[in-house]
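Here's the letter readout for the chains.
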Amino acid sequence: MNVEEEVESIAKLDQQKSITQKELRSINAKIVQVTSQQDELRSTIESMKTSIKQKEKFISELNESIKSLQSLVRKKPTGLKKCDDDIDVELEEKTIKKLELQLKFELEELAKITKDIDMDCMKKQKSFKKNMVAQTKRYNQTLKKIERASTLKAKLLHLRFEVFHQVCNRINNTLSQIYKDMGINNNCYISYCENKNIAFEKGVNIYCKPNGNEWIPFSKLSGGQMNLCCAIISLSMMKSFPTPICFFDEMDASLDSINVEMLSKIILEYSKNTQFICISFKFYEKAHHVIGVYHNNQTSCVVPFVVEGE
């Protein structure tokens, strides 16, 4: 897996982490809400139970009072009119009936509330807790994946920079040698940032020293110097990392005859191990094989030339 795929994988894991965190926050909010509702219902139930116990106690006391009054009434002589005690007994009985009806109603309400808690709130809470456990597990797994991916990314970035560093050093080492092989007092080198965290953002810079003068950046070179520098860097890359075929497209366009002669000699020497294919108006004198291309009636035509000595 290359670095780009690893970076994309880490981005996906970060997105998954964000989604998981959002889901966890939503579940936690729902659990808090359900728990709050459950606490309120429990408080209501406890209050109603307390009220019911008080009323049951009050009814029990009333029943005792009624029994006591009824006992007194039975002891009175027959034929007497109802006294105030009889009236009080009837009032007490009516009060008891009302309280019994109210108690029955409250018991029914309590049963409904209890049923709602058992069938709704408790089930929701269990479901949310189960979902939260699953989401937490997924979240922890995602964190582990991100940690592994981050570690792998750091290793790959370090390895990429090390390879880049070695490649640039090898090319720089061969650049001076190629200039020496050409017999000219020029030089150039590739410069890059040593900080591996930003090296690839900064890119590379090329500095040249034409004719033994001071170092100047590539952008300040003349057209011919740029062409020569590019050709030398290409040859340096080919020498550092050999290839069976090398292709040049009008690399000598801005070169004078002296530089063309020197460059053609070095290419001829390197052609022992590499096949060079050059589009050129000046190199053909040193070529092993020459193919001419010309335009005729809006058509490109080719014609082979016989090279002396072949």
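Residues numbered from 1 in each chain as written. Predicted model: local features only at pLDDT ≥ 70, side-chain atom pairs only at ≥ 80, totals over all residues. Heavy atoms only, no water.

To keep it simple, the criterion reads: UniProt positions are given in the numbering used here, feature names are shortened, and annotations may be inferred rather than shown by experiment.
The name an unreviewed UniProt entry gives the protein chain is RecF/RecN/SMC N-terminal domain-containing protein, with Naegleria lovaniensis as the organism. The UniProt entry for the protein chain carries this comment under Subcellular location (unreviewed entry): "Nucleus".

1. Considerations on the overall build of the protein chain
Keep this limit in mind: Where helices and strands are cited, they refer to DSSP runs of H or I of at least four residues and of E of at least two residues respectively, numbered from the N terminus. By definition in these notes, contact holds between two residues if any of their heavy atoms fall within 4.5 Å.
Within the protein chain, the secondary structure is distributed over five helices and seven strands. Listing each helix as α and each strand as β along the protein chain from the N terminus yields α-α-β-α-β-β-α-β-α-β-β-β. Pairs at least 24 residues apart make up 64% of the contacts formed inside the protein chain by residues separated by at least 6 positions.

2. Remarks on the pairing of strand E6 (residues 290-296)
Keep this limit in mind: Only when DSSP finds a minimum of two bridges between them are two strands counted as paired.
Bridge count between E6 and strand E7 (residues 299-305): seven bridges; the pairing is antiparallel. Bridge pairing in E7 places Tyr-294 opposite Cys-301. Taking the residues that link successive antiparallel strands as the turn, the E6-E7 hairpin has two residues, and the phi of Asn-297 there is positive, at about 55 degrees.

3. Some thoughts on the packing of helix H4 (residues 223-240) against helix H5 (residues 257-270)
Applicable threshold: Orientation is described by lines fitted to C-alpha atoms, with helices fitted over the stretch in contact, and by angles between N-to-C directions that extend from 0 to 180 degrees. Working rule for angles: under 35 degrees goes down as roughly parallel, over 145 as roughly antiparallel, 65 to 115 as roughly perpendicular, anything else as oblique. Here the term charged refers only to Asp, Glu, Lys and Arg, the term nonpolar to Ala, Val, Leu, Ile, Met, Phe, Trp, Tyr, Cys and Pro, and the term polar to all other amino acids, Gly among them.
Orientation of H4 relative to H5, taken along the N-to-C sense of each, is 10 degrees, at an axis distance of 12 Å. When the axis of H4 is compared with that of H5, the two are roughly parallel. For the pair H4 and H5, contact is made by Leu-228, Ala-231, Ile-232, Leu-235, Met-238 and Lys-239 and by Asn-259, Leu-263, Ile-266, Ile-267 and Tyr-270, respectively. Per-class residue counts for the contact of H4 with H5 are nine nonpolar, one polar and one charged.

4. Some remarks on unusual backbone geometry
Only a minority of non-glycine residues have a phi that is not negative, and only a minority of peptide bonds are not trans. The cut-off we apply is this: Partly exposed residues are those whose accessible area sits between 20% and 50% of the maximum for their type, while under 20% is buried and over 50% is exposed, using a 1.4 Å probe and protein chains only.
Within the chain, Asn-297 stands out as a residue other than glycine whose phi angle is a positive 55 degrees. As for its position among the elements, Asn-297 is in the loop between E6 and E7. Phi at Gln-298 is positive, roughly 60 degrees, even though this residue is not glycine. Here Gln-298 is to be found in the loop between E6 and E7. Exposure remark for Gln-298: the relative accessible area of 77% places this residue in the exposed category.

5. A word on the packing of aromatic side chains
What counts, and what does not: Any two rings among Phe, Tyr and Trp, with Trp reduced to its six-membered ring, count as a pair given centres within 6.5 Å; such a pair is stacked if its planes are under 30 degrees apart, edge-to-face if over 60, and tilted if neither. For a ring to carry a charge above it, either NZ of a lysine or CZ of an arginine must fall within 6 Å of the ring centroid while also lying within 35 degrees of the normal to the ring plane.
Per the counting criterion, the structure on display carries five aromatic pairs. Between Phe-164 and Tyr-192 the ring centres are 5.2 Å apart and the planes differ by 75 degrees, which places this aromatic pair in the edge-to-face class. Within this pair, whereas Phe-164 is found in helix H2 (residues 84-182), its partner Tyr-192 is found in strand E1 (residues 188-192), the two being separated by 28 residues in sequence. Taken as a pair, Phe-164 and Tyr-192 share a single burial class, namely buried. An aromatic cluster is present here, built from Phe-164, Tyr-192 and Phe-200 joined pairwise through their rings. For the cation-ring pair, Arg-160 lies above Phe-200, with the distance from its terminal atom to the ring centre recorded as 3.8 Å.

6. Considering the nonpolar core
Quick note on the threshold: Here, nonpolar core means buried Ala, Val, Leu, Ile, Met, Phe, Trp, Tyr and Cys residues that are tied together by side-chain atoms lying within 4.5 Å of each other.
Counting residues in each nonpolar core, the largest one holds 33 residues, and the members touching the most others are Met-182, Ile-232, Leu-235, Leu-263, Ile-267 and Phe-276. At the level of secondary structure, the elements contributing two or more residues to this core comprise H2, E1, H4, strand E4 (245-249) and H5. Per element, the largest residue contribution to this core is eight residues, and it comes from H2.

7. Let's talk about the sheet that holds strand E2 (residues 204-208)
With antiparallel pairing, the three strands of this open sheet are ordered in space as E1-E2-E3. The sheet is open, and its two borders are formed by E1 and strand E3 (216-217), each paired with just one other strand. The sheet contact formed by E2 and E3 spans two bridges and is antiparallel. Across the sheet, residue Cys-208 finds its bridge partner in E3, namely Ile-216.

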